[in-house]
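Observations on the three-dimensional arrangement
Chain by chain, the residues run as shown.
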Amino acid sequence: MTIKSDVLIIGGGPVGLSCAYYLLKSGRKVTMLDAKEIGKGSGSGNAGHIVPSHIIPLAAPGVVTSALKWMLDPAHSPFGMKVSLDPNYISWLLKFVLACNESNVQRSIKPLNDLGQLSAKNFSQIIAEEKFDCSYQEKGLLFLYKTEKAFHDGQHEGEFMQKHGIPVSVYDKTKIHEIEPAALDDIIGGVHFTGDSHLNPAVFLKLLSDRVLEMGAEMIEHTPVTGFESAEGKVKVVRTGSGAFEAQHVILAAGALTPSVAKDLKLNIPIQPARGYSMTMSATQTMPSHALILGERRIAVSPVDGLLRFTGRLEVGNYSMEPNPVWIERIENSAREYLRLDEKLDVKETWAGLRPTTPDGVPIIGRSPNHSNLILATGHAMLGLSLGPGTGQVVAELVNGQEPAFSLSPMRLERFG
Ligand SMILES: Cc1cc2nc3c(=O)[nH]c(=O)nc-3n(C[C@H](O)[C@H](O)[C@H](O)COP(=O)(O)OP(=O)(O)OC[C@H]3O[C@@H](n4cnc5c(N)ncnc54)[C@H](O)[C@@H]3O)c2cc1C
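Below you will find a few notes about this structure. Keep in mind it's a predicted model, so treat the numbers as computed, not measured. Per chain, residues are indexed from 1 in the order of the written sequence. For this predicted model, a pLDDT threshold of at least 70 governs which residues receive local features, and a threshold of 80 or more governs which side-chain atom pairs are given and counted, while totals over whole chains, interfaces and linings are taken from all residues. The side-chain numbers reported here are obtained from all heavy atoms of the structure, hydrogens and water having been left aside.

If you want to describe how two helices pack, look at the angle between their axes and the distance between the axes. Axis definition: a line fitted to C-alpha atoms, over the contacting stretch in the case of helices. Angles run 0 to 180 degrees between N-to-C directions. For the purposes of this entry, the term helix denotes a DSSP run of H or I that reaches at least four residues, the term strand denotes a run of E that reaches at least two, and both are numbered from the N terminus. The contact between helix H1 (residues 14-25) and helix H7 (residues 201-214) brings their axes to 10 Å, and the two run at 35°. In the crossing of H1 with H7, the sense of the turn from one axis to the other is left-handed. Residues Pro14, Leu17, Ser18, Ala20, Tyr21 and Leu24 of H1 form the contact with H7, whose participating residues are Leu205, Leu208, Ser209, Arg211 and Val212. A breakdown of the residues in the contact of H1 with H7 according to their chemical character gives 8 nonpolar, 2 polar and 1 charged. The handedness criterion is simple: a crossing whose near helix is rotated anticlockwise from the far helix by less than a right angle is left-handed, and one whose near helix is rotated clockwise is right-handed. Note on definitions: a residue-residue contact is assigned when non-hydrogen atoms from the two residues lie within 4.5 Å. Put simply, Ala, Val, Leu, Ile, Met, Phe, Trp, Tyr, Cys and Pro go in the nonpolar bin, Asp, Glu, Lys and Arg in the charged bin, and everything else, Gly too, in the polar bin.

Structure follows, in structure tokens:
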């Protein structure tokens, strides 16, 4: 049996769901397909940080040196790598190393800034219009530092971002302890990105998924896409284990698994998974009053709904979604170096997710070079929640033949050659 639809979205993470929302709003009919459950993939247990301030791509000068240094201190390293001779993996690593330079940063700032600003605006609009109760707080993102060197580097980065229109405040030791009582006495300063916000990601995705269903989407879960048939420059058939689909437009938003889903499409999509972990703990007596990044250790902290979530680690090349108990414990230990935490916190949940990471740190958004009815919306790395609503809007604009809100050319797949 073949099911026909107007727009077929493959993947129900923050990106696929946001595309569905904006397409439905514009009057399109939408079918969503997910291999597992919609809204439950790599987006649900993340830190919930909405960070238009993140305009510097992962591939930047000094990253390779820092990664090598961190590997000498494996017990605290925020970064890890799979050892593998898989040619796709090696080719991705080479592209990443070559992209760690100043010109990649300069090229990436505008698209990341455009998409980040549009997404932040869309978040507050969706949450207000749809009356989503998802613990959304516009209190910024506060970086805490223990060492002069890291504080100095943080200030330098803040000044750089300020030049690109990002609101930043720098706090000395007195001020940081005034505004963040959970910070331990040896925190010497902080940098506050005041335009950022945070929310409970699982609740947001559940509310968005319910709303998308209410707006008329057909949602098909536990149905992995297994292949495609293409002809005359179009995707003609999307195959699954339980039937085939035909659609006017196909959106591919399968996160870190996009390259393997797309294997029949003869597209070289350079995405590797970067696995990370989260642990959600019971409340502590002195709860942090902000979403935080613990500077030297690169741990994210999110106080949501009376609970405390710590997230961390970036392990390139690993597809398993099993949380590693060794790293979960190390993440908690690192958080204890910065925050006034009760001696015993109950662990409510441990989780692992995959960040779909491109070698240059910019998402892939745009039409497939080989298929006029296929749009790619993937590769958002550590920003897939944050950049979801902006991606959803521009994908809907592409499907509807409108001019996108900003130029998508720096995000097209063709940039990788
Ligand atoms: C520890 C951690 C913390 C993070 N913190 C933040 C944060 O604070 N802010 C932020 O913005 N981002 C954060 N991220 C990143 C964010 O979670 C990802 O960028 C985001 O989930 C990517 O969204 P996506 O929709 O592209 O992919 P996913 O969320 O991975 O969704 C893809 C969907 O595609 C489905 N799929 C896969 N294969 C198939 C197939 N064959 N057929 C059909 N469906 C398929 C999957 O089941 C899944 O539901 C974090 C990530 C991690 C791991």
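On to the side chain of Glu130. Residue placement: Glu130 occurs in the loop between helix H4 (102-129) and strand S5 (141-145). Residue Glu130 is classed as buried on the basis of its relative accessible area of 18%. Here Tyr21 takes part through its side chain, which lies 2.5 Å from a polar atom of the side chain of Glu130. The term polar contact refers here to a pair of N or O atoms within 3.5 Å; inside protein, the definition further demands a hydrogen-donor-capable atom paired with an acceptor-capable atom, and it admits residues adjacent in sequence only when both atoms are side-chain atoms. In terms of polar contacts, Glu130 uses its side chain to reach the side chain of Arg211, at 2.6 Å. Those residues in contact with Glu130, other than ones at most four positions away along the chain, are Tyr21 and Arg211. Relative accessible area decides the class of each residue, using a 1.4 Å probe on protein chains only: under 20% of the type maximum gives buried, over 50% gives exposed, and in between gives partly exposed.

Attention shifts here to H1. Multiplying one less than the number of residues by 1.5 Å gives the expected span of a helix. In this model, H1 (12 residues) spans 17 Å end to end at C-alpha, consistent with the 16 Å of a helix rising 1.5 Å per residue. With respect to burial, H1 is a largely interior element, 11 of its 12 residues being buried. Looking only at H1, the buried set comprises Pro14, Val15, Gly16, Leu17, Ser18, Cys19, Ala20, Tyr21, Tyr22, Leu23 and Leu24. Gly27 occupies a position one or two residues after H1 and carries a positive phi of about 100°.

Here is a general trend for soluble globular proteins: nonpolar side chains tend to be buried in one another's company. Within this scheme, the nonpolar core is defined by two criteria: the residues are buried Ala, Val, Leu, Ile, Met, Phe, Trp, Tyr or Cys, and they are joined through side-chain atoms within 4.5 Å. One finds Ile9, Val30, Phe204 and Ile251 to be the most contacted residues of the largest nonpolar core, which totals 64 residues. When residues of this core are assigned to their parent elements, the largest contribution, 8 residues, is made by H1. Excluding its chain neighbours within four sequence positions, the residues that come into contact with Ile9 are Gly16, Cys19, Ala20, Leu23, Val30, Thr31, Met32, Leu33 and Ile251. The next biggest cluster of nonpolar side chains, apart from the first, holds 25 residues, and it includes Phe310, Ile328, Leu341 and Ala352.

A contiguous nonpolar surface patch, about 280 Å² in accessible area, is contributed by Leu68, Met71 and Met81. Take Met81: it is sitting in strand S4 (residues 79-81). Note on Met81: relative accessible area 37%, which makes it partly exposed. Patch construction takes residues with relative accessible area above 30% that form no salt bridge. Like charges are linked within 9 Å, and nonpolar side chains (Val, Leu, Ile, Met, Phe, Trp, Tyr) are linked within 5 Å. For the accessible areas, the method is Shrake-Rupley and the probe is 1.4 Å, while residue cover comes only from the protein chains on display. Think of a salt bridge as a Lys or Arg side-chain nitrogen and an Asp or Glu carboxyl oxygen that are within 4 Å of each other.

Counting buried residues in strand S16 (residues 307-316) gives 9 out of 10 residues, a clear majority hidden from the surface. At least two DSSP bridges between two strands are needed for those strands to be called paired. As paired elements, S4 and S16 share 3 bridges and run parallel to each other. Across the sheet, residue Gly80 finds its bridge partner in S16, namely Glu315. As defined by bridge partners, strand S13 (residues 272-281) adjoins S16 across 7 bridges and the pair is classed as antiparallel. Residue Met281 lies in a different strand from S16, and its bridge partner there is Leu308. Pairing geometry for strand S15 (residues 299-304) and S16, over 5 bridges, is antiparallel. Its bridge partner being in S16, Ser302 is matched across the sheet by Arg309. Taken together, S15 and the strand that follows it, S16, pair antiparallel across an intervening segment of 2 residues, in which Asp305 is found at a positive phi of about 50°.

Limitation: the analysis is restricted to geometry and does not speak to function.
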